[in-house]
Number of protein chains: 2
Amino acid sequence: MKNSGADELAKKMKVKLDKDNFPEWYSEIVELSGLVDKRYPIKGMNVWLPYGWELMRNIDEVIRREMRKTSHKEVCFPLLIPQSEFQKEADHIKGFSDEVYWVTHGGSTPLDIPLLLRPTSETAMYPMFSLWVRSHSDLPLKIFQIVNVFRYETKQTRPFIRMREIHFFEAHTCHRDFEEAEKQIQEDLEIMDSVAKELCLPYLKLVRPEWDKFAGAFYSVGIDTLMPSGRTLQIASIHQYKDNFARAYRIMYEDESGEHRYAHQTTYGMSERLIGAVVGMHGDNRGIVLPPAVAPIQVIVVPIPKKGMKEVVEEEALKVKEELAGAGMRVEIDLRDLRPGAKFYDWELKGVPLRLEIGTRDIEEEVVTAVKRNTFEKRKIPIKELLKSVKELLDEVQSELYSAAENFLKEHIFTVRNLKDEAEAYRGIEGVIRVNWCGDMKCAEELEVSLDKSFLGFPPEEKPDGPCAVCGGKAAEVVYLSKSY
Amino acid sequence: MKNSGADELAKKMKVKLDKDNFPEWYSEIVELSGLVDKRYPIKGMNVWLPYGWELMRNIDEVIRREMRKTSHKEVCFPLLIPQSEFQKEADHIKGFSDEVYWVTHGGSTPLDIPLLLRPTSETAMYPMFSLWVRSHSDLPLKIFQIVNVFRYETKQTRPFIRMREIHFFEAHTCHRDFEEAEKQIQEDLEIMDSVAKELCLPYLKLVRPEWDKFAGAFYSVGIDTLMPSGRTLQIASIHQYKDNFARAYRIMYEDESGEHRYAHQTTYGMSERLIGAVVGMHGDNRGIVLPPAVAPIQVIVVPIPKKGMKEVVEEEALKVKEELAGAGMRVEIDLRDLRPGAKFYDWELKGVPLRLEIGTRDIEEEVVTAVKRNTFEKRKIPIKELLKSVKELLDEVQSELYSAAENFLKEHIFTVRNLKDEAEAYRGIEGVIRVNWCGDMKCAEELEVSLDKSFLGFPPEEKPDGPCAVCGGKAAEVVYLSKSY
């Protein structure tokens, strides 16, 4: 966007990006890179700038593609929910009532029934589901929507990570029984895997403890990434509702034998936090680094003319741009009247995964010089192999970003076998602690206090490999603990 | 959507569609065709079903394409606007204050400043524009967003046409001066033309009378279509703001000579009413009829097997479907266990522009039978020319829909030259009245009362061709009058 003011802002702030100081680095980088403008006059509600919005929309498209593949249908439900519908599921109200925004007036007229802005759409959708689901042949019902949701956050807000208006994906399904719903959760986990690959985000998949599950759920699976600060960031959640909501909203079907049964339900949620994770995981002291699969600009072409050669070089650069654009790549050319260094600075800040430089010498040698944003590795590409080489380089960036993040995650998971001996060493550590746990709440509390971290959840595929790290008794579960955003 | 329930609903209601009874016909058809579900428990807020939402998203993409061509950038502003920002432009407040929804509480806590749900985004955007626009080099600023807006309607609501939650497109621009802003309005009118072509919607372009312009505008251009009921439906509006809002929000730039000047602004708005117009204009007693350019399903393939030939025929039909899908068409095949007639009924209801029937005889003759939704004309297509012929047929449907609507519009514009003599004849007529008018408000009032229609606006390209139809004095303007939705 011509007028995003990000470049100008960068100069004004004379900012020294320093990722070791993660919170400040993060706060600055989202604005400097032109993703959002935080100066909107309501706390926790930012303006999506063109670059950030295009990134978000690219991510939405990745999700839509996965939804289509798995026969989910896209719908759009109203934003406002009548108080009377909201109050039907007891746990759900308890979980959300402190953080909903209430609409009380239309013009100067008080409304008959207060309306709330959806914090999530269970209570908007399920009254309709009870009309839509009649027979076993209506099942499974698989729908999703991509909308903004609203939560009156009282904690400190942070772009993408903790907002009051949240760009949100939510899938809702209805099934015949618990087992069918369980299969849906397996499908959701596969979708998660595909989305995470596109965003280069390795993650932990953990069943949340009882006291931390979604309000109204039977159980919740959290998907967590690890930020450079050592704190985890939940980027998705998948919930098994059993028939909890179906009972409250009377979502029933007639089975083959004519009996009426409650549907079993699941939901799957993701949000703009995906961008928060991408910014946090991959960025560096020169800016953000975007995965090629979702980058609004995958390749930036920068002509570097010697005196008197401007036209020739720009013409060649334009040809390169056109060839890549013709092959469906998201490519732009920078023809601004600026020194090449200034251009490099801007595009590095914005995280464009690949830069192609074209100078007079490159033209003579029939090459272009490619620079990868993640490693700054330079490579001469024969112009004849342009398309193939650029594709390869983008694939390289994509897989290197994933590997680097994966290594970081692995290196920051620490197993503690004996709390008493090891608490001191691991208490201040940045990362995730893995322990065997007996299941006793006293031991849980001691773990949390001694390690200064909270229960994140239980990995469904890991079995205890030793005694409880606190009491030495028989372990029932493996537990991961962390500080989280 | 498997579970939209539209088909079932149609059977239950045993409805006899009758377009001569337009309001009832319209009300039923939007639900029967599976566009929206009106049973959501808030009046004026419907659920977008998959079919309707896909249609809306296809229309959004048509608009986005035009926006990209004209260098507008997509953004997304917060939904909520602080009361303090909303109150800065006096006329604007007056125009909207009766119809905004107010958020007064977060959880049980009263908010410091009440927030309103955007009814349109001037007052959300312009505080930011005053930060973004600094220098003449920041201009023009051209942005747009596609979001939902909210208006507390007290009149009767109607799907797509008068809603309380409205799917909305809004472009906002800033320019150096009035002349540059005027050029933008010309560009907007060209965009309107492209969008209307895609939707097969001929329209009137009329400068609104002073008393009917947008709240805060210098002048407004309304884009009106004519519904079969003879009432006009505004589907878009384009506004010249001059520096009215710039003064209220201090949107200023420094020109080349170092002087500070107010920016001049325009806006361009469209909404889900586009769907209302498409449904109303093109539908018939068998259902809606969708323009191929935006139809979620452009072609439906229906195999019609004789006994024992099911597999062969379905296989052939699948090949046809794959060939069309491979060429990028939106095509589906109906393999349901239903009589062909029942399938035809469903797809006609949903307005799929082209049906391809494939029977055993067609296979022998190496043809498929194509049926156009708008005329029900049948044509045998040689299978060898499948792709070319289907494209031609879709183009035919597209241009026939446009022509039919254009003829209807032309046939329903009536010129009245002498009110006294002709008022009685034209008073009850369904359509648009065109008159020469002297500019006197007394004559205006007499026109409106005698014809039982309201001033719609002034066609910018027409000059008076006779004396005032009321007083016989010198005419200053051509005026169009109508009843409108």
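Residues numbered from 1 in each chain as written. Chains lettered and ligands numbered in written order. Predicted model: local features only at pLDDT ≥ 70, side-chain atom pairs only at ≥ 80, totals over all residues. Heavy atoms only, no water.

### Topic: the side chain of Ser 482 of chain A
Residue and element names in this part refer to chain A. As for its position among the elements, Ser 482 is in strand β23 (residues 477–482). On the basis of relative accessibility, which here comes to 3%, the residue Ser 482 falls in the buried class. Side chain to side chain, Ser 482 and Thr 232 meet in a polar contact 2.7 Å long. (Helix = DSSP H or I, 4+ residues; strand = E, 2+ residues; numbered from the N terminus. Buried < 20%, exposed > 50% of the residue type's maximum accessible area, 1.4 Å probe, protein only. Polar contact = N/O pair within 3.5 Å; in protein donor to acceptor, adjacent residues only side chain to side chain.)

### Points about the interface of chain A and chain B
Listed as interface residues are 57 residues of chain A and, on the opposing side, 57 residues of chain B. For the pairing of chain A and chain B, the buried interface totals around 5,100 Å² over both sides, and the portion due to carbon and sulfur atoms is 63%. Connecting chain A to chain B are 4 salt bridges. A salt bridge links Arg 57 of chain A to Glu 74 of chain B; the nearest nitrogen and oxygen atoms lie 3.7 Å apart. Linking chain A with chain B are 17 residue pairs in polar contact (both at pLDDT 80 or more), by the criterion used here. (Contact = heavy atoms within 4.5 Å. Buried area = accessible area lost by both parts, 1.4 Å probe. Salt bridge = Lys/Arg side-chain N within 4 Å of Asp/Glu carboxyl O.)

### Examining the domain arrangement of chain A
Residue and element names in this part refer to chain A. Per the domain assignment, the segments making up chain A are domain 1 (6–282), domain 2 (299–394) and domain 3 (413–482). Each of domain 1 and domain 3 has a C-alpha centre, and the two are 29 Å apart. Taking both sides of the interface into account, the surface hidden between domain 1 and domain 3 amounts to around 1,200 Å²; carbon and sulfur atoms contribute 69%. The tally of links between domain 1 and domain 3 comes to 1 salt bridge. For Glu 461, the salt bridge identified is with Lys 205, shortest N-O distance 2.9 Å. At the junction of domain 1 and domain 3, the tally comes to 5 residue pairs in polar contact (both at pLDDT 80 or more). For the side of domain 1 that touches domain 3, the secondary structure elements donating two or more residues are β9 (204–207) and β10 (219–226). Looking at the side of domain 1 that touches domain 3 element by element, the count peaks at 4 residues for β9. For the side of domain 1 that touches domain 3, the per-class residue count stands at 7 nonpolar, 3 polar and 3 charged. (Domains from an automatic or database assignment. Nonpolar A, V, L, I, M, F, W, Y, C, P; charged D, E, K, R; others polar.)

### Details of the nonpolar core
By size, the foremost hydrophobic cluster in this structure holds 87 residues, and its most contacted members are Phe 77 and Leu 117 of chain A together with Phe 77 and Leu 117 of chain B. Here Phe 77 of chain A is in contact with Arg 118, Ala 124, Met 125, Met 128, Phe 129, Trp 132, Ile 143 and Gln 145 of chain A together with Tyr 40 and Val 47 of chain B, once residues within four sequence places are set aside. By size, the runner-up hydrophobic cluster in this structure holds 77 residues, among which are Ile 29, Ile 63, Met 270 and Ile 297 of chain A. (Core = buried A, V, L, I, M, F, W, Y, C linked by side-chain atoms within 4.5 Å.)

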